Number of protein chains: 4
Amino acid sequence: MDLIIKNGTVVTATDTVKADVAIRDGKIVAMGADLPLDGAKVVDAAGKLVLPGAIDVHTHLAMPFGGTTSADGYLAGTRAAACGGVTTVFDYPMQRKGMTIKQVIDSKKAICEKEACIDYAYHCIITDLNDGAILDEMESAVASGITSFKCFFVYKKEGMMVDDGVFARLLLKAKEVGAMLNLHAENPDLIDYNVEKFLAEGKTSAWYHYLSRPEYVEAEADKRAVHWAKHLEAPLYLVHMADKEGLEAAIEAKKENSNIYIETCPQYLEFTSEVYKRDDGRNFVCSPPIKGQESQDALWKAIKNGGIDVVATDHCPFQSHEKDWGINDFTKIPNGCAGIENLYPYMLSAANQGKLSYNQVVALCASNPAKIFGCADKGSIAVGKDADIVIYDPSVDFTISVDNMHSDYDHTIWEGIQVKGYPVQTYSRGRLVYDHGDFVGEPGWGNFVKREKRPTK
Amino acid sequence: MDLIIKNGTVVTATDTVKADVAIRDGKIVAMGADLPLDGAKVVDAAGKLVLPGAIDVHTHLAMPFGGTTSADGYLAGTRAAACGGVTTVFDYPMQRKGMTIKQVIDSKKAICEKEACIDYAYHCIITDLNDGAILDEMESAVASGITSFKCFFVYKKEGMMVDDGVFARLLLKAKEVGAMLNLHAENPDLIDYNVEKFLAEGKTSAWYHYLSRPEYVEAEADKRAVHWAKHLEAPLYLVHMADKEGLEAAIEAKKENSNIYIETCPQYLEFTSEVYKRDDGRNFVCSPPIKGQESQDALWKAIKNGGIDVVATDHCPFQSHEKDWGINDFTKIPNGCAGIENLYPYMLSAANQGKLSYNQVVALCASNPAKIFGCADKGSIAVGKDADIVIYDPSVDFTISVDNMHSDYDHTIWEGIQVKGYPVQTYSRGRLVYDHGDFVGEPGWGNFVKREKRPTK
Amino acid sequence: MDLIIKNGTVVTATDTVKADVAIRDGKIVAMGADLPLDGAKVVDAAGKLVLPGAIDVHTHLAMPFGGTTSADGYLAGTRAAACGGVTTVFDYPMQRKGMTIKQVIDSKKAICEKEACIDYAYHCIITDLNDGAILDEMESAVASGITSFKCFFVYKKEGMMVDDGVFARLLLKAKEVGAMLNLHAENPDLIDYNVEKFLAEGKTSAWYHYLSRPEYVEAEADKRAVHWAKHLEAPLYLVHMADKEGLEAAIEAKKENSNIYIETCPQYLEFTSEVYKRDDGRNFVCSPPIKGQESQDALWKAIKNGGIDVVATDHCPFQSHEKDWGINDFTKIPNGCAGIENLYPYMLSAANQGKLSYNQVVALCASNPAKIFGCADKGSIAVGKDADIVIYDPSVDFTISVDNMHSDYDHTIWEGIQVKGYPVQTYSRGRLVYDHGDFVGEPGWGNFVKREKRPTK
Amino acid sequence: MDLIIKNGTVVTATDTVKADVAIRDGKIVAMGADLPLDGAKVVDAAGKLVLPGAIDVHTHLAMPFGGTTSADGYLAGTRAAACGGVTTVFDYPMQRKGMTIKQVIDSKKAICEKEACIDYAYHCIITDLNDGAILDEMESAVASGITSFKCFFVYKKEGMMVDDGVFARLLLKAKEVGAMLNLHAENPDLIDYNVEKFLAEGKTSAWYHYLSRPEYVEAEADKRAVHWAKHLEAPLYLVHMADKEGLEAAIEAKKENSNIYIETCPQYLEFTSEVYKRDDGRNFVCSPPIKGQESQDALWKAIKNGGIDVVATDHCPFQSHEKDWGINDFTKIPNGCAGIENLYPYMLSAANQGKLSYNQVVALCASNPAKIFGCADKGSIAVGKDADIVIYDPSVDFTISVDNMHSDYDHTIWEGIQVKGYPVQTYSRGRLVYDHGDFVGEPGWGNFVKREKRPTK
Ligand SMILES: [Zn+2]
Ligand SMILES: [Zn+2]
Ligand SMILES: [Zn+2]
Ligand SMILES: [Zn+2]
Ligand SMILES: [Zn+2]
Ligand SMILES: [Zn+2]
Ligand SMILES: [Zn+2]
Ligand SMILES: [Zn+2]
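Residues numbered from 1 in each chain as written. Chains lettered and ligands numbered in written order. Predicted model: local features only at pLDDT ≥ 70, side-chain atom pairs only at ≥ 80, totals over all residues. Heavy atoms only, no water.

Chain A carries the name Dihydropyrimidinase in an unreviewed UniProt entry, which gives Celerinatantimonas diazotrophica as its organism. Recorded under Sequence similarities (unreviewed entry), the UniProt text for chain A is reproduced unchanged: "Belongs to the metallo-dependent hydrolases superfamily. Hydantoinase/dihydropyrimidinase family." Recorded under Cofactor (unreviewed entry), the UniProt text for chain A is reproduced unchanged: "Zn(2+)". (UniProt positions renumbered as here; feature names shortened; annotations may be inferred.)

A.B. asks: Provide a residue-level description of the UniProt feature "modified residue: N6-carboxylysine" (unreviewed entry) in chain A, including the pertinent values.
C.D. replies: All names here are of chain A. Within the UniProt annotation, "modified residue: N6-carboxylysine" (unreviewed entry) is assigned to Lys150. Mapped onto the fold, Lys150 is located in strand S14 (residues 148–152). If sequence neighbours within four positions are ignored, Lys150 has contacts with His58, His60, Tyr92, Cys124, Ile125, Ile126, Leu181, Asn182, His184 and Val239. (Helix = DSSP H or I, 4+ residues; strand = E, 2+ residues; numbered from the N terminus. Contact = heavy atoms within 4.5 Å.)

A.B. asks: Describe the arrangement of the chains, with residues and values.
C.D. replies: The two units chain A and chain C never meet; even their closest C-alpha atoms stay 17 Å apart. Contact between chain B and chain D is absent, and the minimum C-alpha spacing across the pair is 17 Å.

A.B. asks: Describe the coordination of the zinc ion (ligand 8), naming the residues involved and giving the relevant values.
C.D. replies: Residue and element names in this part refer to chain D. For the zinc ion (ligand 8), every protein donor is listed as His58 (NE2), His60 (NE2) and Asp314 (OD), and the spread of their distances is 2.0 to 2.1 Å. Taken in sequence order, the residues that donate to the zinc ion (ligand 8) follow the motif H-x1-H-x253-D. Distance-wise, the zinc ion (ligand 7) is placed 3.3 Å from the zinc ion (ligand 8). A residue pair is termed long-range when its members are at least 10 positions apart, and His58 in strand S8 (residues 54–59) and Asp314 in the loop between strand S18 (310–311) and helix H11 (320–323) qualify at 256 residues. (Donors = N, O, S within 2.8 Å, 3.2 Å for Na, K, Ca; no water.)

A.B. asks: Got a sec to walk through helix H5 (residues 188–200) of chain C? Specific residues and values, please.
C.D. replies: Under the 1.5 Å per step criterion, the end-to-end length of H5 of chain C is 18 Å for 13 residues, consistent within 8% with the ideal 18 Å. When we look at burial in H5 of chain C, the residues that qualify are Pro188, Asp189, Leu190, Ile191, Tyr193, Asn194, Val195 and Phe198 of chain C. Among the structural elements, helix H4 (164–177) and helix H7 (215–232) of chain B together with helix H6 (206–212) and helix H7 (215–232) of chain C are those in contact with the buried residues of H5 of chain C. (Expected span 1.5 Å × (residues − 1). Buried < 20%, exposed > 50% of the residue type's maximum accessible area, 1.4 Å probe, protein only.)

A.B. asks: Break down the sheet that holds strand S12 (residues 119–122) of chain B for me, citing the residues and quoting the values.
C.D. replies: Residues and elements named next belong to chain B. Pairing is parallel across the open sheet formed by 3 strands, whose spatial order is S8-S11-S12. Edge positions in the open sheet fall to strand S8 (54–59) and S12, since each of these has one partner strand only. Pairwise comparison of adjacent strand axes, ignoring direction, gives a mean angle of 25° for this sheet. Each of strand S11 (86–91) and S12 touches helix H2 (residues 101–115); the most contacted strand, S12, lies at about 175° to it. (Pairing = 2+ DSSP bridges. Axes fitted to C-alpha atoms, helices over the stretch in contact; angles between N-to-C directions.)

A.B. asks: A description of the environment of Gln418 of chain C should follow, citing residues and the corresponding values.
C.D. replies: Of note, Gln418 of chain C is situated in strand S20 (residues 418–428). In contact with Gln418 of chain C, not counting residues within four places along its chain, are Phe398 and Thr399 of chain C.

A.B. asks: Now, about the nonpolar core: what can you tell me, with residues and values included?
C.D. replies: Formed by 285 residues in total, the largest nonpolar core has its most connected members in Phe149, Phe167 and Met347 of chain A together with Phe149, Phe167 and Met347 of chain D. With near-sequence residues (within four places) excluded, Phe167 of chain A lies in contact with Cys151, Phe153, Val162, Leu181, Leu183, Ala225, Trp228 and Leu236 of chain A. Membership of the second largest hydrophobic core comes to 284 residues, among which are Cys83 and Val226 of chain B together with Met160 and Val419 of chain C. (Core = buried A, V, L, I, M, F, W, Y, C linked by side-chain atoms within 4.5 Å.)

A.B. asks: Run through the sheet that holds strand S17 (residues 260–264) of chain B, naming residues and quoting values.
C.D. replies: Residue and element names in this part refer to chain B. On the basis of which strands lie adjacent, the open sheet formed by 6 strands has the order S13-S14-S15-S16-S17-S18 and parallel pairing. Every interior strand has two partners, whereas the edge strands, strand S13 (124–125) and strand S18 (310–311), have only one. Where S13 and strand S14 (residues 148–152) come together, 2 bridges link them in parallel fashion. Following the sheet pairing, Cys124 is matched in S14 by Phe149. Those strands touched by helix H8 (residues 244–255) are strand S16 (236–238) and S17, and its axis lies near 145° from that of S17.

A.B. asks: Any chance you could break down the coordination of the zinc ion (ligand 7) for me, citing the residues and the numbers?
C.D. replies: Binding of the zinc ion (ligand 7) to the protein goes through His184 of chain D (ND1) and His240 of chain D (NE2), at separations of 2.1 Å. For His240 of chain D, a relative accessible area of 2% puts it in the buried group.

A.B. asks: Mind laying out the relation of the copies chain D and chain C, listing which residues take part and the relevant values?
C.D. replies: In screw terms, the move from chain D to chain C is a rotation of 180° and a rise of 0.0 Å along the axis, fitting with an RMSD of 0.0 Å. Read as a symmetry element, the transformation amounts to a two-fold axis. The rotation axis passes nearest to the C-alpha of Met31 of chain D in chain D, at a distance of 2.6 Å. (Least-squares fit on C-alpha atoms with pLDDT ≥ 70 in both.)

Laid out in structure tokens, this is it:
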């Protein structure tokens, strides 16, 4: 035995039990009362929760956007992740026109191998079918462990949108080869119409970012995507769902046993569109924008009753001086916010305060992502799983600040937010990577997660 | 260590892992790879699934009905349960007018202590508030571990029905004291109307049992119960839900975060109302009756997507000569069918054939019942839980027959039904009680399960 | 020709046209431009609307209640009706246990023949099937022109409620014989529970009348009634619908082509439950009570889109000293309010202010009631119809006061309410009965309206 | 008086009365019993119904399509219309890129003035905003009596589709200027995907026309259009609705008081997609294609309960040799079928057989179209309206055949269909244009109908 975490309360999506956890060669090899120590290192988790590490299935590291790059690269992003209790991170490499899936993925592999402090996987963003070659390549991509692909119902003028026909082709091919299609759903035509109108009227503040992509603009695209997935009987994963009407349509389809999965993000659960009226409103600019109170209420309701499957971050921070580009024109603000280090503390704090159960948080942030995306060795504290473990102290108070985060960004939308309880240690395959406030891992430790394909029947 | 189950695949509601399970003093004390044997008895579960024992939360043992008593008493019923992989059974003692809750429960305790082969708990059926004394007594009943109560929206002429006012009082008191109200929902007035009409028309076969309590007759009562629970914001557990319209209303309310829980039974999942046209139709007579194909489809849909929380049996068999009382008058047929020994094999067989996952079956038959009804030590294979364990062989074929069942009844509606896979051993708190076809337990082994109350906020 | 109404704008449910209307022998015999005068009396309606008289299908005249009788008898009630543009009134005679339908109706006939100033019809309230004799009598009642029957889902302790079985029998018999069942839907058990609780807590003001019968208490009964009507495929007319949830369920069933008809009343459209907090709150006490803003909004929405079929009054005023009986106990307040003279002016004023169209008001208050209840000669300005006509001046302002009403009551909930536009003349079968503020009709003029039965197929 | 139609039964959307109808100068000037003859021509309508002429708001006369032109030009089309009881026809002139609305309309005016046998109006099809000039021109178009515009959510490759942004601009401008936007809703991307796939697979029969545009392909576009209309709070008229899912979404929005209007066509009510398997399946090819039984049932349900507002024809026949172009490739079949002469006889026959009421048919085919599209003088038998009148004999049997139709086409999908009852005469503004089987009107008689704009609040 290498390590024994003793005296803690182990939380899975189902159970909450007192049990020691024994780790050997990066795996959980035993759980029990009074496990023999066998010379293992012992960590005392008395009074603490022992949780599976979170899997943040939605991040954009080192992502080019509007002439710059998101503030966290693979090193900083995975470092921050580890310090927030995330032990696996999914990145979204994006195809430029003409690239094969393999080229897209390979372009990231070398840097990740060098920089990643925790394990990582890729969803591949598809923007162009390359006359069908991409469809042909999907099966081998799945065989190589890339089992999810993403596309946009937005960014039409930017040439990144897929139309409904391409979307249908991707849905059907993904279903055929055991992959999952992810979708960012907003309606580009209405956004463009609104933007043109607002700019013509001199309405340029961050508030108009929201007003140009309000609830019904996201809802249309959500509903359309759900419609196709339902009728084509293909699995679909909706990323960063933020509005009530789209959410309800997706949940309705799930009730009809469509294979639809819903993700939302902490920023949609904590803030409302009112933030865009703040002086620092541009820092909150992301797409889809944060919506109104009704949508936030609907998201929380669905979090509680299982309507939402996953909470992930869409982590994509930009520096203040980059956000400032949009001071006089909201369309110039780089889109995206920080979150990777806040996900698990935020959700666990909600559990700690009784909004939902710890088991539910584990399901939303670890077990469900692992199952949905085929990470067989991840997502639970169970014998045989990777020893991706977070030790969580429910008794401490913590106030989030850019100063106590471990990213490279220079500000955070979470500044000043207080959480109850906080991770004290994070283990990645049995190796301590975060310890009482400090990153103690190393670049290059992280491994690529080769994922299992979905059953294709 | 007393016992180690080696080499099996452990299934919980969340995880499916290879792990040995070590048991001491009736508890699961460790799970792991290659646990030290320490002189423990070893059972090899290679190629088998290691499952938590099922919790059948709906049975009527030794229940008086229409001048007779249900065919399985506490000994036979719990013996059959053990042989079907059930390790905890809930009985429904019924209040006669004027009795206190304590009197109702105490009337069963002595016999259960003597006869029960596995652990047992009670839901107490309330038919009369005793001028409010019952309401006053509910809190102490909860303190004694009786945390659920049942009432009827039917059996009006029999004096067992509660009206909506009594139902509201029970709902609100249960909510206040941390208990759960269970309900059998059918509309008595329409049943009586239909029965009177059919008998007057000389329509007396079992088919008219169904036609006198068809889908819409159950649905009305389901919907009414859901309405009150939703608006009074009180928890409600709907037993033996069998019809589509009521089911959909209940699921809709759950989506609104009403605390509604839904149970169905294997007979509603396997058969349709067509059975009542068979020569032996009267053997299938139970209330509510088995419904049509549309309802069965709706039940399966909800089983798959989590709309239904629990599958239990409503086990209440009668002997053939008793069922025969109704040959010429369906109203004379004692209501109820066998099921306690078929629940887990039937549901696991469905998983084995791909209709749902094993994890889901564990949730429906073990984890969810344990959580909903406050059995803290039951319902999962996890360190610290009672060693209520079933070893299941997915590879065998089994044809159900009264000859290979372990009840006292002389026929079964499940005769000839084939299942894929079957339990090979059942352990009750670590003691082997069923072994490859034979009951090997003992009367009196079973303990009363003192349950935890629900949070009352 | 006896009379020609010239130069007016004729409004039907469909059309709005300039046309003269010629009347002979109490009938409309011609409509046209410049009809020949032929020595007829001529009334100039230039600038006025020429409307069919309203049909108030819900009134309680001389109704015994709690030791008194509603303030308006047949004379006063029909006099007030005429002055408010109502030309046909439906009364609700109530069966006492043991009475035949014929006895119930006959008990009213003599007095109506003597007192009624306008035409009248009866819905017969059934409280007891007399061992089925009532069901047997329904066909002959229909033959005599009594084609609608009413029952209560409330007033259980008062012995006036029908249970669901009796309701089903009435629904099915009504369907068979071409009649319509009307229903007052509230849940008595919850009311009784609430009342008992409030009185025990010393909560005795009119506000607790509302709180003891709030939205969900009416909604349950509405939904249950709709359920039976839908599944038994029988026509049902829901009187005085006042709550959103019940309304939506009824409209949903209409969308499924159930034969459900919905009535609401002006008091539910104008006031909210806030009135029960007023010092004179007891004057507004009626059952069902006026509901909250959400319900009022839902009613108006359904008024506009055709979800509601009829607006009628439930006219049943009591004198102030009678209302005062309940100053210290809301259960002692006689239930009912005035409205018969306000119906048409109120609804037409809403049209005048653009909330809906005049055609819609004519449909809601005249054409629809006539069609639904089989008044073949009533409800429209069309050749061959009875000359029941209102001349309406849209340009005047009118403030309602007990002083300018024509009832026998001593106060009105409508005191001070301002309407835009007001009737200037009412004709009953061609006879002027109301003229610029004055009643000019005569007791005994009114005829019994023998109604047509519904198609029975 | 020029003409008196005596002894008939006049049917409006509201009333059914015995009345003579007097006509002078093309207008209905009086209705009544025994109107003075004054030397007028007298037509005896004893035993007949006297109905407003139908308004077919959806036709394509002399429409260019795929290298040919629809078989009925303005003369033949309006001649056939008259013979089927249609007295006003709406044509759909289509903008080619760069044309102004005025140019589009003017291109039709001269020919219509010369050829039209009955009155006519135009909806203008917009395919291109001309950099916004079209939006600017809409107000003056409305002033000239063109108060409705149509666009396509389909025909993307043909350059006729508007995207969602253009659609939003049109919706909002139409709302602003008191116009109505009409929409043909199908999803082009899925159609193109399906077509490409089927052709590649050698699936070329008419059946694949249906399979390439099945229910869900229309439904998506319907739902999207409804979404925008609802959220932008703009009026929208959905033409030729043919599928259940889209229909239900549109009706749901109407219930929320969105200003949505729904049209369907007789072919969707009479046939199902099974026709595309027939040898002459290509003759039924139109877009959207005729759907399955479930959709037909849903359409009829909505016809009966008022969910559908209008029935019109989408009349656009092609000759057999043109239909034959697609014998080996369904994409080559000119889209469209005959119907203008069948609309009223078909719907009235349905009423005659009890499926709905005559009043409802009048509403669907005459009153509603007149109101929705601002034809103030049309759509009802009422004093002051144009004398557009059909005399209908409910007692005759009629079998539709190309031989007894009055179009220029050489076949009809209605061949062999039997109707109960048939028009015997049609009057256009008092002039007899159809008489017992024969067209007796004249080209050039028809007038342009200058329509009223909608209220803009
Ligand atoms: Zn995105
Ligand atoms: Zn993203
Ligand atoms: Zn039961
Ligand atoms: Zn039971
Ligand atoms: Zn009432
Ligand atoms: Zn009443
Ligand atoms: Zn079209
Ligand atoms: Zn068309």
